[in-house]
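Residue-level structural notes
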Amino acid sequence: MTRHVVLATFLFVCLAAPLCAQQPVGSAGQIYQLKPTPKTVTWGYYDPKTPPVLRIQSGDTVEIQTLIASSPERFESARVPPDQIEQPLRDIFNQVKEKGPGAHVLTGPIYIEGAEKGDVLEVRIQKIQLAIPYALNAFSPGRGFLPDDYPYAKTKVIPLDEKRMVAHFADGIEIPVRPFFGSMGIAPPEVTGRISSNPPWVHAGNLDNKDLVAGTTLFIPIHARGALFEVGDGHAGQGDGEVDVTALETSLIGTFQFIVRKDMHLRWPRAETPTHYITMGMHPDLTEATKIAVREMIDFLMSEKHLNRDDAYMLASVAADLHITELVDGNDGVHMMIPKSIFATK
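Residues numbered from 1 in each chain as written. Predicted model: local features only at pLDDT ≥ 70, side-chain atom pairs only at ≥ 80, totals over all residues. Heavy atoms only, no water.

Let's talk about the overall build of the chain
- Looking only at helices and strands, one finds five helices and 22 strands in the chain.
- Dimensions of the chain, computed from the C-alpha atoms along their principal axes, are close to 60 × 50 × 45 Å.
- Within the chain, the proportion of its 346 residues that are buried is 53%.
- Once local pairs closer than 6 in sequence are excluded, the contacts in the chain between residues at least 24 apart make up 74%.
- Surface accessibility of the chain: about 15,800 Å² in total, with carbon and sulfur atoms responsible for 54%.
- Here the chain holds 32 positive side-chain charges and 41 negative ones, and the gap between their average locations is 3 Å. (Helix = DSSP H or I, 4+ residues; strand = E, 2+ residues; numbered from the N terminus. Buried < 20%, exposed > 50% of the residue type's maximum accessible area, 1.4 Å probe, protein only. Contact = heavy atoms within 4.5 Å. Areas by Shrake-Rupley, 256 points an atom, 1.4 Å probe, with all protein chains shown as cover. Lys, Arg positive; Asp, Glu negative; His and termini not counted. Charge placed at Lys NZ, Arg CZ, Asp CG, Glu CD.)

If you want it as structure tokens, here you go:
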């Protein structure tokens, strides 16, 4: 059997199999699968009152399938063959009536037993797989970083080569594929109620951080019992800033391990990659978002690396890098990265 046939069979099983909302995989009983159906997604919001579709224990692992943040009609207008448009996407667009104010179809929420307000949810991103062989990039009037420059709409379908892990943008232009989830978040503070999935904030959500690939860990401060984790907005790749408001939008399958950390207390999400520590700031004003990311890095260096306040500020200046995460979702995002290699190990 050729690799293409194996991939096609795998995609068919992933997309066509009915969901068992709480389905143990294997004999361990601590690994679950969660697939998107009209009953297992939220559309466009994070809400502390959303009933969970899956309950797990701290330390359990869940393989979660997510759907692209776009409509079947948009793909059809872009001349994607009808048989290549995922059936769960059609089902959700046809059947889910409770939606908005945001745009993302998010799989979940997942309730983690023992998670309480003031704890931290550690999300270990173990594996990310492409679920479909194409991505979409699009802009539309009034959106993106340059809305006045582009007062019209355009959609581009971009083939993905999983074997070579490149996206074929155009003749002579290939983009490395580094899949990540644009939105990974939990319930916001209960006092806020339902919020849009578009702006990232203290609950994480639509971070659009291209460094959160497989092998990294995201730390999110918990604001509601059970945490209520949701994930979606799959990207095959993205530039920092995401200036036209979309990345290489695609459907992904991710494997996550969830750990409730009662020994950690954070104000904003943080992350750790194999090579860097990352702090984050989100705010409608880019300067204020940057200040949050820098202050969070100073706090990290003081609490985790035991520097005094002055040395932490100095080290952030000489060794850490600021990145504009994204500019187009209500709250601007900034993240600051400091390499692990500068810290001597015993």
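Anyway, onward from the coordinates.
With respect to the environment of glycine 232
- By the secondary structure assignment, glycine 232 is in strand S17 (residues 227–235).
- Judged by relative accessible area, which is 0%, glycine 232 ranks as buried.
- A sequence separation of 100 residues divides glycine 232 from aspartate 332, and the C-alpha atoms of the two residues are 19 Å apart.
- Non-local contacts of glycine 232, meaning those with residues more than four positions away in its chain, are made with Thr66, Val105, Leu106, Phe181, Gly182 and Ser183.

As for the layout of surface pockets
- Looking at the largest pocket, its volume works out to about 350 Å³.
- Surrounding the largest pocket, 17 residues form its lining, Asn137, Phe169, Asp244, Thr246 and Ala247 being those nearest its centre.
- With four residues, the top contributor of residues to the lining of the largest pocket is strand S10 (residues 154–161).
- For the lining of the largest pocket, the residue count by class is seven nonpolar, six polar and four charged. (1 Å grid on protein atoms, 1.4 Å probe; cavity = no way out; pocket = protein on both sides within 12 Å on 5 of 7 lines; lining within 4 Å. Points joined across faces, edges and corners; volume = space filled by probe spheres on them. Nonpolar A, V, L, I, M, F, W, Y, C, P; charged D, E, K, R; others polar.)

Section: the sheet that holds strand S11 (residues 166–170)
- Taken in spatial order, the four strands of this open sheet run S9-S10-S11-S12, and their pairing is antiparallel. Each end of this open sheet is capped by a strand with a single partner; those strands are strand S9 (134–139) and strand S12 (173–176). Strand-to-strand twist across the sheet, computed as the mean angle between neighbouring axes with direction ignored, equals 30°.
- Pairing geometry for S11 and S12, over four bridges, is antiparallel. Bridging across to S12, alanine 170 finds its partner in isoleucine 173. (Pairing = 2+ DSSP bridges. Axes fitted to C-alpha atoms, helices over the stretch in contact; angles between N-to-C directions.)

Focus on the confidence of the model for the chain
- Mean pLDDT over the chain stands at 91; residues scoring 70 or higher make up 91%.
- Segment residues 1–29 is flagged for pLDDT under 50; beyond a separation of four residues in sequence, or across chains, it makes 40 contacts in the model. (pLDDT = per-residue confidence, 0-100.)

A short note on the nonpolar core
- Membership of the largest hydrophobic core comes to 46 residues, with the highest contact counts inside it found for Ile110, Ile112, Phe229 and Phe258.
- The element that contributes the greatest number of residues to this core is strand S8 (residues 120–130), accounting for five residues.
- Setting aside chain neighbours within four positions, we find isoleucine 112 in contact with Ile56, Gln57, Ser58, Leu121, Gly226, Ala227, Phe229, Phe258 and Val260.
- In this structure, Ala289, Ala293, Ala320 and Phe343 belong to the second largest nonpolar core, which totals 16 residues. (Core = buried A, V, L, I, M, F, W, Y, C linked by side-chain atoms within 4.5 Å.)

Some points on the environment of tyrosine 111
- If you trace the backbone, tyrosine 111 turns up in strand S7 (residues 105–113).
- Apart from residues lying up to four places away in sequence, tyrosine 111 is in contact with Pro52, Leu54, Arg55, Ile56, Arg225, Gly226 and Leu228.

Observations concerning the packing of aromatic side chains
- Under the defined criterion, the tally for this structure stands at eleven aromatic pairs.
- Aromatic side chains phenylalanine 229 and phenylalanine 258 sit 4.9 Å apart centroid to centroid with 65° between the ring planes, which places their arrangement in the edge-to-face category. Taken together, the residues span a long stretch of sequence, with phenylalanine 229 in strand S17 and phenylalanine 258 in strand S18 (residues 252–261) at a distance of 29 residues. The residues phenylalanine 229 and phenylalanine 258 share a single accessibility class, namely buried.
- On the numbers, 6.2 Å between centres and 65° between planes, the contact of tyrosine 277 with phenylalanine 343 is edge-to-face. With tyrosine 277 in strand S20 (residues 276–283) and phenylalanine 343 in the segment after strand S22 (332–339), the pair connects residues that are 66 residues apart, well separated along the chain. Here tyrosine 277 and phenylalanine 343 have matching classes, each one buried.
- Among the aromatic residues, those joined into a cluster by ring pairs are Phe181, Phe229, Phe256 and Phe258.
- Above the face of the phenylalanine 169 ring, lysine 156 is positioned so that its terminal group lies 4.8 Å from the ring centre.
- One residue, arginine 194, lies across the ring of tyrosine 45, its end atom 3.6 Å from the ring centre. (Phe/Tyr/Trp six-rings, centres within 6.5 Å; stacked < 30°, edge-to-face > 60°. Lys NZ or Arg CZ within 6 Å of the ring centre and 35° of its normal.)

Thoughts on unusual backbone geometry
- Residue proline 101 is reached from glycine 100 by a cis peptide bond, and omega for that bond is 10°.
- Residue placement: proline 101 occurs in the loop between helix H3 (87–95) and S7.
- Look at the link from glycine 108 to proline 109: it is a cis peptide, with omega at 15°.
- Checked against the element boundaries, proline 109 lands in strand S7.
- For histidine 306, which is not a glycine, the phi torsion comes out positive at approximately 60°.
- Among the secondary structure elements, histidine 306 is positioned in the loop between helix H4 (286–304) and helix H5 (309–319).
- Since its relative accessible area comes to 67%, histidine 306 is described here as exposed.

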